[in-house]
Amino acid sequence: MADEDGNGGGTGGLRLRVDRLAAAMEAARARARAEADTAPPADAAQERRAVPPEIAGDPVPTSAPTGPHGDAAEGPGDMDATPPDAVPRVAPSAEESDRSDPPATERQVRHHPPAAPEPGHTRAEARGMAPPDRSPLLLTPDFHLPEPAPEPSGDRADTRGTAVELGDAPGILVPAAPVAPAPPVSPATAAALLALKGVATDIGRYRILEDVTLDVPRGAVTMLLGRNGAGKTTTLRTVMGLWRARAGEIVLAGERIDRWATHRIARAGIGYVPESMSIFGDLTVAENIALGARTGPVSGDRLDWLTGLFPPLATFWRSPAGNLSGGQKQMLALARALVERRRLYLIDEPTKGLAPVIVETVVSALRDLKLQGATILMVEQNFAVARALGDACAVIDGGRVAWSGTMAALADDPALQARLMGLDLGDAA
Amino acid sequence: MTTDGVADPHRPGIGARIGAAMPWLLVPLIAALGGLAMVVQAMPGPEETLAALLRTPDLWADRAAAALPAIAPSWITLTLAGLAMGMMIFLMASGLTLVFGLMDVINFGHGAFVSLGAFVAVSVLARFGGWTASTDLALNLAAIGLAALVAMAVAGTAGALFERVIVRPAGGSHLKQILVTVGGLIIAEQLIHVIWGPAEIYIDRPAALKGAIVFHGAALETYRLLAVAAGLTVFALLALVLRYTRIGLIVRAGVQDGEMVQALGYRLRGVCVAVFIAGSALAGLGGVLWALYQEVVTAQMGADLMVLVFITVIIGGLGSVTGCFLAALMIGLTQNYTAFVEPKLALVSTIAVLVLVLLWRPAGMLARQSGRMS
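This next bit is on the overall build of chain B. Counting its regular elements, chain B contains 13 helices and 4 strands. Per-residue burial over chain B gives 50% buried out of 374 residues.

The structure is reproduced here in structure tokens:
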């Protein structure tokens, strides 16, 4: 059967690509084994920990071992650790934001010796940068904020900004989440990559979206919040063309896409992670990933990056995806969208129904993606996760955007949260 | 254990592995049961009833030992006949199961392509009467190959037209699909009447394919061997395409969740049309082989076979080519053994297999997992 629709590949092409993926996977595993043999095991898990413990409800460390300069990450297990402020913080340009390569910057910074901060100052402060945001992250509104940990003389033991080397390949670092998130992007000033103008969508006889007007700025994470049934998922599906907009315009990088077929919208550079994950259960993990790479073979770096973000995928590379756990399926759904660089990622409730430890992994991965300057429109019910990741925010209610602004503005205004979403985070907010 | 030396919690246990292999084991199991039934039937003596013999277990071993050599050639012959029939049913059903799995289309008009392929083959073979009359096997095979190619081309073209004119306008409503495809089947039968006439047409198999090879006393019909070879070849090709090509990957993914395949940037509409055409062409090929097997063609032959084809698709699991292949072999073998042991039960036996399989696996033996249910 000739593939005349540009679906790519021919007989044997897929096999080669899957084999190449498999070979890269084997190499990554070998490197991981070699690293496991040499690195002190006790610190390995801590090193890979990418999300602060608060997000999973773990107790906040009140003190941490410090190094000679007050650095926390200079123990024997932290030989490869990168200083928290080494990860890129500058919002990328519009051109860069369309390219979500594995972060080259992280690979390079590992070879620079960390600058020692003055006693009593954080590393970031020593460089004249804004102090890291250490505000606690909450999973649930009723989570009670623990007492803030007393600040040690130097950086506290916070692995959020450490970069973890995947195996012994020089320069291949899996960056963990940053201590400080990327600077908030003002929706008013950033150029919108995606714009919805008065979008209305019906499902059968029901009017789900009435008038959704929303800008998704480049290089920022825009959170779409709202109660159940408000129209968040419908908004994403309408952007993907899975449901047709009855009225309004959807503009991606200056082109109207609301009448395009779904496959054409995807080819325009949109990666979609649906709420149901839509994993192909009869296909192997490798085949699911191969389907995500529509335009060509996956580079080894990209694969290393993905398997660093989601290690279970490497373990079950040739297993049917239907055998994976729910969390692993979510990882696969994300990896399938991330395997190719996209201009925009639409991610629908990536932490829904996941165990806290898996939420850590997912949030860490999304933070990593954000650091690369990716543009993301994400639906999330977990306000703590939304606050941790979001730059901009829109709240949908009754099929309309009831409020939009910066995530920080919403996070700092409990009254607004209560009015828009019925949230009552108490003192924690 | 994984390659990392870590215990793999997802590795299936022994029970799960037997369960996974069971559809493959059912085919030899049915063959063994068929042989057992034939032996039991042959065990009573000339003046003895089976019921009387069953009351005297002491005689069973001797009688079975005596019956086994006598029944073995018949068992081999029937097994080959069952496999050949199964392969031909598989050819007709494979396209239907893929079309249903990928497009969610219940195509009751699929039988039209079987009939059309058979009639086209009759016309082609009639034009090459010299080749079919020859005792040279190569010429015979060339004639059949040419007829099959033309029949597949015509059936595939008709399939493309059928999909565009009849199936696509019906949309996703199953009721509409059933109504319009049954209507399409009736129209196709009437068109065959117009072109080839209303009477049934008798055809001769090519000369070299009329005989049989004797193997340890068992007569193995040459044509049935050809049918088995053709079915195995098509199955192997389908399996290779589905397993090792990108379009095969898209088809397998599309069977599970077509929406997500499109959201990944693949134009599924074109793949669906290609699969519909390929399925129609395979039905045409099945029609060619069935026509030469029965040595008669009628406009209704496709519709008549649709009962068996649908039973096969349901047993195998909608959308599964491998399930369809195994189910077709099970149906073919069961029908042949039953027709030998108790002819009145031949049709019932097929339904019995269907019921038993659905009691065991309600979605069919190898039903696809739905991506949306993940």
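Another aspect to go through is the overall build of chain A. Across its full length, chain A holds 15 helices and 12 strands. A burial count over chain A gives 55% of its 429 residues as buried. Considering only residue pairs separated by 6 or more positions, chain A has 73% of its internal contacts joining residues 24 or more positions apart. When the accessible surface of chain A is summed, it comes to about 17000 Å², and 53% of that surface belongs to carbon and sulfur atoms.

Residues and elements named next belong to chain B. With 4 bridges connecting them, strand 2 (residues 212-215) and strand 3 (residues 218-221) associate as antiparallel partners. Bridge assignment links I213 to a residue of strand 3, and that residue is L220. Hairpin connection between strand 2 and strand 3: a loop of 2 residues separates the two successive antiparallel strands, and H216 in this loop has a positive phi of roughly 50°.

Residues and elements named next belong to chain A. Where burial is concerned, most of helix 6 (residues 232-240) is hidden: 8 out of the 9 residues are buried. All of the buried residues in helix 6 are K232, T234, T235, L236, R237, T238, V239 and M240. Looking at the residues trailing helix 6, positive phi occurs at G241, about 80°.

So, on to the packing of aromatic side chains. As enumerated under the stated definition, the model contains 10 aromatic pairs over all chains in all. Plain terms: the ring middles of F128(B) and W131(B) are 4.9 Å apart, the flat faces sit at 50° to each other, and that makes the pair tilted. Through pairs of rings, three or more aromatic residues link up here, namely F90(B), F235(B) and F325(B). Lying across the ring of W260(A), R264(A) places its NZ or CZ 3.8 Å from the centre.

This part covers the environment of I347(A). Residue and element names in this part refer to chain A. Position of I347 among the secondary structure elements: in strand 9 (residues 344-348). Exposure remark for I347: the relative accessible area of 1% places this residue in the buried category. Residues I347 and L236 lie 111 residues apart in sequence; the distance between their C-alpha atoms is 8.1 Å. In contact with I347, not counting residues within four places along its chain, are L236, V273, L334, L366, I376, L377, M378 and V379.

You can see D391(A) is positioned in the loop between helix 13 (383-389) and strand 11 (392-397). A polar contact of 3.1 Å, which involves the side chain of D391(A), links it to the side chain of K370(A).

Pairing between side chains becomes possible if they bear opposite charge and their charged atoms approach one another. A full pass over the atoms with the stated rule returns 18 salt bridges over all chains. Ionic pairing is found between E249(A) and R256(A), a salt bridge with its closest N-O pair at 3.7 Å. Residue R269(B) is joined to E163(B) by a salt bridge in which the shortest nitrogen-to-oxygen separation is 2.2 Å. You can see R269(B) sitting in helix 10 (residues 268-294) and its partner E163(B) sitting in helix 6 (residues 137-170), a full 106 residues away along the chain. When its relative accessible area of 33% is taken as the criterion, R269(B) is described as partly exposed. What emerges from the salt-bridge pattern is a single network uniting E249(A), R256(A), D258(A) and R259(A).

A few words now on the nonpolar core. Soluble globular proteins tend to bury their nonpolar side chains together. Counting residues in hydrophobic clusters, the biggest one holds 143 residues, and the most contacted among them are L194(A), M240(A), I270(A), L291(A), L346(A), F90(B) and I315(B). Ranked by residue count, the leading element in this core is helix 3 (residues 60-103) of chain B, at 19 residues. Leaving out residues up to four positions away in the same chain, L194(A) has contacts with L214(A), D215(A), V216(A), V239(A), I250(A), V251(A), L252(A), L344(A) and L377(A). The next biggest cluster of nonpolar side chains, apart from the first, holds 53 residues, and it includes F316(A), W317(A), V359(A) and W403(A).

Below, the discussion takes up unusual backbone geometry. Residue and element names in this part refer to chain A. Not every positive phi belongs to a glycine, and M277 is a case in point at roughly 75°. When you line up the elements, M277 lands in the loop between strand 8 (270-273) and helix 8 (285-292). Note on M277: relative accessible area 11%, which makes it buried. For E349, which is not glycine, the phi dihedral falls at a positive 45°. Here E349 is to be found in the loop between strand 9 and helix 12 (356-371).

Glancing now at the packing of helix 8 (residues 222-244) of chain B against helix 9 (residues 246-263) of chain B. Residue and element names in this part refer to chain B. Running from N to C, helix 8 and helix 9 point in directions that differ by 85°, and their axes come no closer than 5 Å. Relative to helix 9, the element helix 8 is oriented roughly perpendicular. Across the interface between the two elements, V241, L242, R243 and Y244 of helix 8 pack against R246, I247, G248, L249, V251 and R252 of helix 9. When the residues that make up the contact of helix 8 with helix 9 are grouped by side-chain class, the tally is 6 nonpolar, 1 polar and 3 charged.

Take the side chain of E380(A) next. Residues and elements named next belong to chain A. Mapped onto the fold, E380 is located in the loop between strand 10 (376-379) and helix 13. We note that E380 is buried and unpaired, the nearest opposite charge coming from K232 at a distance of 9.5 Å. At 2.8 Å, the side chain of E380 forms a polar contact with the side chain of T351. Discounting chain neighbours no more than four positions away, the residues touching E380 are M223, L224, L225, E349, P350, T351, V385 and A386.

With that settled, consider the confidence of the model for chain A. Close reading of the predicted structure is inappropriate where its pLDDT is low. Residue and element names in this part refer to chain A. Confidence along chain A averages 68 in pLDDT terms, with 54% of residues attaining 70 or more. This stretch, residues 1-16, has a pLDDT under 50; its non-local contacts, to residues over four places away or in other chains, come to 33 contacts. Contacts for the low-pLDDT stretch residues 38-189, under 50 throughout, to residues beyond four places or in other chains number 272 contacts.

Let us look at helix 8 of chain B. Counted at 1.5 Å a residue, the expected span for helix 8 of chain B with its 23 residues is 33 Å, and the 33 Å between its end C-alpha atoms agrees. Burial in helix 8 of chain B covers these residues: T222(B), Y223(B), R224(B), A227(B), V228(B), G231(B), V234(B), F235(B), L238(B) and L242(B).

So, on to the packing of helix 4 (residues 110-127) of chain B against helix 7 (residues 174-196) of chain B. Residue and element names in this part refer to chain B. At a minimum axis separation of 9 Å, helix 4 and helix 7 run at an interaxial angle of 15°. Compared by their axis directions, helix 4 and helix 7 come out roughly parallel. Pair helix 4 / helix 7 crosses with left-handed handedness. On the side of helix 4, the interface is formed by G111, A112, S115, L116, F119, V120 and S123, while helix 7 contributes L185, A188, I192 and W196. A class-by-class count of the residues in the contact of helix 4 with helix 7 yields 8 nonpolar, 3 polar and no charged.

Moving on: the environment of V359(A). Residues and elements named next belong to chain A. In this fold, V359 is placed in helix 12. Taking relative accessible area as the criterion, V359 reaches 3% and is therefore assigned buried. Between the C-alpha atoms of V359 and V385, which are 26 residues apart in sequence, the distance is 8.8 Å.

Turning to a nonpolar patch on the surface, a few remarks are in order. Residue and element names in this part refer to chain B. Taken together, the side chains of L50, L54, L59 and W60 define a hydrophobic patch exposed on the protein surface, amounting to about 320 Å² of accessible area. Within the fold, L50 resides in helix 2 (residues 50-54). L50 gets classed as partly exposed once you look at its relative accessible area, which sits at 33%.

The rules we used
Residues numbered from 1 in each chain as written. Chains lettered and ligands numbered in written order. Predicted model: local features only at pLDDT ≥ 70, side-chain atom pairs only at ≥ 80, totals over all residues. Heavy atoms only, no water. Helix = DSSP H or I, 4+ residues; strand = E, 2+ residues; numbered from the N terminus. Buried < 20%, exposed > 50% of the residue type's maximum accessible area, 1.4 Å probe, protein only. Contact = heavy atoms within 4.5 Å. Areas by Shrake-Rupley, 256 points an atom, 1.4 Å probe, with all protein chains shown as cover. Pairing = 2+ DSSP bridges. Phe/Tyr/Trp six-rings, centres within 6.5 Å; stacked < 30°, edge-to-face > 60°. Lys NZ or Arg CZ within 6 Å of the ring centre and 35° of its normal. Polar contact = N/O pair within 3.5 Å; in protein donor to acceptor, adjacent residues only side chain to side chain. Salt bridge = Lys/Arg side-chain N within 4 Å of Asp/Glu carboxyl O. Core = buried A, V, L, I, M, F, W, Y, C linked by side-chain atoms within 4.5 Å. Axes fitted to C-alpha atoms, helices over the stretch in contact; angles between N-to-C directions. Parallel < 35°, antiparallel > 145°, perpendicular 65-115°, else oblique. Nonpolar A, V, L, I, M, F, W, Y, C, P; charged D, E, K, R; others polar. Lys, Arg positive; Asp, Glu negative; His and termini not counted. pLDDT = per-residue confidence, 0-100. Expected span 1.5 Å × (residues − 1). Left-handed = near helix turned anticlockwise from the far one by under 90°. Patch = residues over 30% accessible without salt bridge, like charges linked within 9 Å, V, L, I, M, F, W, Y side chains within 5 Å.

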